[in-house]
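# Structural characterization, general
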Amino acid sequence: AVEPAKNIKWNNINASISFYPGTLSSNQNFKNFISNIYSSGGIELIQKGYNGSQEEYNFDKLSLEEQRQIVVMGQNAYRDYMLSNFNMQVSPLKTFDLIGGRFTNSSIKSTEAGGINFYFDIYYADDLNPVQSTEYYDVMQYGVSFTETGGAGPEFNFRNKEEIIN
């Protein structure tokens, strides 16, 4: 098992980090990073789909069963990674996020069936409506993206300030 770094001081600010469970690396630096985050107590791990494929980017176009399978594959990959790298039996991830913000009301059913009870995203896609929380499932979405597609990085076209404000 990898021991958490003793010299890292966490600032006790509750935060979250989203990741693709299907892409977890066996690189030692990465394993140290995951171990530190997991043991920090102040950082929520958020399942971001499974591996970031184009299929996941079009999550809202998939059947509920295909959506559920993405959640389950991610949960399994995370559990197996933590067991094989740290000998830890971990609780399932409860928070979900998607590249592209393509989450709908029906996605609640598919992700809930995979063990998720909270969806968190920094925005929702322009052609979709915000999703409302239910009695047993919380949803938090923002409506701002600075790029035309919601992607991050210099290769994406940025909106002008009027488009962002509106």
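The coordinates are above.
Just so it is clear, the structure is predicted and the values come from calculations on it, not from any experiment. (Residues numbered from 1 in each chain as written. Predicted model: local features only at pLDDT ≥ 70, side-chain atom pairs only at ≥ 80, totals over all residues. Heavy atoms only, no water.)

In terms of nonpolar packing, the biggest core is built from 13 residues, with Phe96, Phe103, Tyr119 and Tyr137 touching the most fellow members. Counting residues in hydrophobic clusters, the runner-up holds eleven residues, among them Leu24, Ile37, Leu45 and Phe86. (Core = buried A, V, L, I, M, F, W, Y, C linked by side-chain atoms within 4.5 Å. Buried < 20%, exposed > 50% of the residue type's maximum accessible area, 1.4 Å probe, protein only.)

Turning our eyes to something else, we now look at unusual backbone geometry. Here the phi dihedral of asparagine 87 falls at roughly 55 degrees; this positive angle occurs in a residue that is not glycine. Inspection of the secondary structure puts asparagine 87 in the loop between helix 3 (64-86) and strand 3 (95-97). (Helix = DSSP H or I, 4+ residues; strand = E, 2+ residues; numbered from the N terminus.)

Along the chain, serine 53 turns up in the loop between strand 2 (43-48) and helix 2 (54-57). Under the relative-accessibility criterion, serine 53 is labelled partly exposed at 24%. C-alpha separation for the pair serine 53 and isoleucine 99, spaced 46 residues apart in sequence, amounts to 9.3 Å.

This model, assessed by the stated rule, comprises six salt bridges. The closest approach of N and O atoms between arginine 68 and glutamate 65, which form a salt bridge, is 2.8 Å. Remark: glutamate 65 and arginine 68 occur in helix 3; sequence separation between them is three residues, near one turn of the helix. Under the relative-accessibility criterion, arginine 68 is labelled partly exposed at 23%. Salt-bridge contacts for arginine 102 lead to aspartate 127; the nearest nitrogen and oxygen are separated by 2.9 Å. Of this pair, arginine 102 sits in the loop between strand 3 and helix 4 (105-113) while aspartate 127 is found in the loop between strand 4 (118-121) and strand 5 (138-141), placing the two residues 25 residues apart along the sequence. Residue classification places arginine 102 among the buried residues on the basis of a relative accessible area of 8%. Residue classification places aspartate 127 among the exposed positions, given a relative accessible area of 56%. A single network of salt bridges, built from pairs that share partners, joins Asp60, Lys61, Arg102 and Asp127. (Salt bridge = Lys/Arg side-chain N within 4 Å of Asp/Glu carboxyl O.)

By the definition in use, this model includes eight aromatic pairs. Geometrically, the ring pair formed by phenylalanine 103 and tyrosine 137 is stacked, given 6.4 Å between the ring centres and 20 degrees between the ring planes. Here phenylalanine 103, found in the loop between strand 3 and helix 4, pairs with tyrosine 137, found in the loop between strand 4 and strand 5; they are 34 residues apart in sequence, far enough to count as distant. Here phenylalanine 103 and tyrosine 137 have matching classes, each one buried. Among the aromatic residues, those joined into a ring-pair cluster are Phe59, Phe96, Phe103, Tyr119 and Tyr137. (Phe/Tyr/Trp six-rings, centres within 6.5 Å; stacked < 30°, edge-to-face > 60°.)

Read these as geometric descriptors, not functional statements.
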